[in-house]
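Observations on the model geometry
Take a look at the letters that make up each chain.
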Amino acid sequence: MAVELLAAAAGALVGAMTTDAWGWAKTSFAQLFGSSDQTQAERRLEASRAEMEGLSGEELLRARSRVEAAWQARLGDLVEDTPDVAVRLETLVKEAARRMRHTAIGPIRQQAVAFDNAQQAVQGQGVQTNTFGGGSGAAG
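Below or above, wherever it landed, is the structure these notes cover. None of these values were measured; they are calculated from a predicted model. (Residues numbered from 1 in each chain as written. Predicted model: local features only at pLDDT ≥ 70, side-chain atom pairs only at ≥ 80, totals over all residues. Heavy atoms only, no water.)

This paragraph deals with the overall build of the protein chain. Secondary structure summary: the protein chain contains five helices and two strands in total. Secondary structure of the protein chain in N-to-C order comes out as α-α-α-α-α-β-β. Relative to its 140 residues, the protein chain shows a buried fraction of 30%. In the protein chain, once contacts between residues fewer than 6 apart in sequence are set aside, the share between residues at least 24 apart is 52%. (Helix = DSSP H or I, 4+ residues; strand = E, 2+ residues; numbered from the N terminus. Buried < 20%, exposed > 50% of the residue type's maximum accessible area, 1.4 Å probe, protein only. Contact = heavy atoms within 4.5 Å.)

Here helix 1 (residues 3–16) spans 20 Å end to end across 14 residues, near enough to the 20 Å set by a 1.5 Å rise per residue. Judged by how many residues are buried, helix 1 sits mostly within the fold: 10 of 14 residues are covered. For helix 1, the set of buried residues is Leu5, Leu6, Ala9, Ala10, Gly11, Ala12, Leu13, Val14, Gly15 and Ala16. (Expected span 1.5 Å × (residues − 1).)

This part covers the nonpolar core. Membership of the largest hydrophobic core comes to 33 residues, with the highest contact counts inside it found for Leu13, Met17, Phe29, Leu32, Trp71, Leu75 and Leu89. Going through the elements one at a time, helix 1, helix 2 (22–31), helix 3 (38–52), helix 4 (57–81) and helix 5 (85–103) are the ones with two or more residues in this core. Counting residues per element, this core draws most heavily on helix 1, at eight residues. Discounting residues that sit within four places of it in the chain, Trp71 has contacts with Ala10, Leu13, Met17, Phe33, Ala41, Arg44, Leu45 and Ser48. (Core = buried A, V, L, I, M, F, W, Y, C linked by side-chain atoms within 4.5 Å.)

The topology assignment puts Ser48 in helix 3. Under the relative-accessibility criterion, Ser48 is labelled buried at 8%.

Moving on, we come to the pattern of salt bridges. By the definition in use, this model includes five salt bridges. For Arg64, the salt bridge goes to Glu68, with nearest N and O atoms at 2.9 Å. Of this pair, Arg64 and Glu68 both sit in helix 4, four residues apart, roughly one helical turn. Relative accessible area serves as the criterion here: at 30%, Arg64 is assigned to the partly exposed category. Accessibility expressed as a relative area gives 21% for Glu68, which makes it partly exposed. Among the ionic pairs, Arg98 bridges to Glu95, the shortest N-O distance being 2.7 Å. Of this pair, Arg98 and Glu95 both sit in helix 5, three residues apart, which is roughly one turn of that helix. For Arg98, a relative accessible area of 36% gives the class partly exposed. (Salt bridge = Lys/Arg side-chain N within 4 Å of Asp/Glu carboxyl O.)

This is the structure:
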């Protein structure tokens, strides 16, 4: 069993938790555990994702590290018990990289300006600027 494959798989899985590839990743990785354990695996995956929700900075990095280590161990046990899963895992890692490459959009910069009675607020990540109030209509 290649430690590199397990690390890549856990990294891909946890990386997908914050992208549009999450639904695919959750179902695909859970299927590795077989039909009898798929629902349990999906619950664990959702719990792992929830553990990182709302965190940022160092807290997020520590949580991500814990979650990756836990999934690397679970996937390692699975491959040890069912060696043919390693081939499927390798395929999932490649597909996850492909899917996340298409959903990664880089840093987001949002700016909203409202005048008179109009007000708007935009939520997202990255740099966000909201200006409320009157003015000349020119953003500065």
